[in-house]
Amino acid sequence: MFVDGKNYQSIWLDENDNSVIRVIDQQKLPFFFETRALRSVEDVYSAINDMTVRGAPLIGAAGAFGMYLATLEITSRTSINDHLSNAARYLASCRPTAVNLSWAVNNILERLIKNPDPSKLQETALNAALEICETEKENCRKIGEHGLEIIESISKKKAGSPVNILTHCNAGWLACIDYGTVTAPVYLAHEKGISVHIWVDETRPKNQGARLTAWELGKQGIPYTLITDNTGGYLMEKGMVDLVLVGSDRTTRKGDVANKIGTYLKALAAADNGIPFYAVMPVSSFDLSVSNGIEEITVEERDPEEVTSVIGLSEGEIKQVRICPEGAKAGNWGFDITPARLITGLITEKGICRADENEIIKMFSDKTN
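Criteria and cut-off values
- Residues numbered from 1 in each chain as written.
- Predicted model: local features only at pLDDT ≥ 70, side-chain atom pairs only at ≥ 80, totals over all residues.
- Heavy atoms only, no water.
- Salt bridge = Lys/Arg side-chain N within 4 Å of Asp/Glu carboxyl O.
- Helix = DSSP H or I, 4+ residues; strand = E, 2+ residues; numbered from the N terminus.
- Buried < 20%, exposed > 50% of the residue type's maximum accessible area, 1.4 Å probe, protein only.
- Polar contact = N/O pair within 3.5 Å; in protein donor to acceptor, adjacent residues only side chain to side chain.
- Contact = heavy atoms within 4.5 Å.
- Disulfide = S-S within 2.5 Å.
- Axes fitted to C-alpha atoms, helices over the stretch in contact; angles between N-to-C directions.
- Parallel < 35°, antiparallel > 145°, perpendicular 65-115°, else oblique.
- Nonpolar A, V, L, I, M, F, W, Y, C, P; charged D, E, K, R; others polar.

**Quick notes on the pattern of salt bridges**
Working step 1: By the definition in use, this model includes 21 salt bridges.
Working step 2: Between Lys 137 and Glu 134 there is a salt bridge, with the nearest N and O atoms lying 3.2 Å from each other. Taken together, the residues Lys 137 and Glu 134, both in helix H5 (residues 121-157) and 3 residues apart, mark about one turn of the helix.
Working step 3: Residue class for Lys 137 comes out buried when judged on its relative accessible area of 15%.
Working step 4: By relative accessible area, Glu 134 is classed as partly exposed at 44%.
Working step 5: A salt bridge links Glu 326 to Arg 322, with the shortest nitrogen-to-oxygen separation between them at 3.5 Å.
Working step 6: Take Glu 326: its relative accessible area is 68%, and that puts it in the exposed class.

Encoded structure:
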């Protein structure tokens, strides 16, 4: 995607130094566009933990590059298997809800264990990390093509009037290396001349919708309106929402979806108003070992300070201010689980399927996609 005329993706290998991974610092957006250098496993862990990088596909890619950086830390005294296994466990522990992170680091670890030649470890890890990035980018493009069909259908029914799409959090290119998941069909529709308008949930407490999705859409020239998180139900009752698109950090074999906190409430409102509600994700976000999302998925609890304060721009500087009484107790669950019964369908690079165990398993077993 383009930022002020220059093509970017949200993570890349430094073109001048192969020991450095570059990322867009999402903590600074939308106020400042800055990149951050990652030079160690600890740098990667920190960037994921403080949400310099966030979004399931992106933190998976970051974890993969973290494993590459782990190979650069090996010396003649290093117990290689122990070092790599410890790095994988450490990185995977950073954010437990998104399956992409553990999937990516374990994918790299498995390749390294299968190729124990010390002289080849760095090359193997780097090629694998780059491969994961390219695969996720292509997957997002395919997701966009499948999702575009839904938007096109609604546009035809509305005789070309704007298709009003409600989103939650940020599942754009910032979160997915390029294209995005939720945003991919939106970008393709816009490029095709289909009129779209996006209702952007602010997405408390970190405001990823207000800070990131709004910034992305603005840079691509796509009409949007920023709304408070609790506005969606009202808009649906008034017939002002045609489609709800959300991302997924982990999807179970039966179609339950773990996504940013507040997603479940959007699904309830959509179901009550007969509005199609789709979850959008690459197949790397599925966890077929989990059946019951509510009972089995670990939901991350984050720092309560994210709830008791807000971050914004004041006098040219990014500042944090308290919004509640000193000493107020706050809960900060990062995700919720939307049960399959509330989901119209799942949009993946393999196509669109119902949130149903049989269809999901069939999709995974279909070798033609």
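**As for the side chain of Asn 170**
Working step 1: In this structure, Asn 170 sits in the loop between strand S6 (163-167) and helix H6 (173-176).
Working step 2: Residue Asn 170 is classed as buried on the basis of its relative accessible area, which comes to 5%.
Working step 3: Here Thr 213 takes part through its side chain, which lies 3.1 Å from a polar atom of the side chain of Asn 170.
Working step 4: A polar contact of 3.2 Å, which involves the side chain of Asn 170, links it to the side chain of Glu 216.
Working step 5: In contact with Asn 170, not counting residues within four places along its chain, are Arg 54, Ala 175, Gln 208, Leu 212, Thr 213 and Glu 216.

**Focus: the state of the cysteines**
Working step 1: Under the definition given, this model contains 0 disulfides.
Working step 2: Cys 176 forms no disulfide, and the closest cysteine sulfur to it belongs to Cys 140, at a distance of 4.5 Å.
Working step 3: A relative accessible area of 1% places Cys 176 in the buried class.

**A closer look at the packing of helix H3 (residues 80-92) against helix H4 (residues 99-114)**
Working step 1: The contact between H3 and H4 brings their axes to 9 Å, and the two run at 170°. Judged by the angle between their axes, H3 and H4 are roughly antiparallel. Residues Asn 81, Leu 84, Ser 85, Ala 88, Leu 91 and Ala 92 of H3 touch H4, and the partners they reach there are Leu 101, Ser 102, Val 105, Asn 106, Leu 109, Leu 112 and Ile 113.
Working step 2: For the contact of H3 with H4, the residue count by class is 9 nonpolar, 4 polar and no charged.

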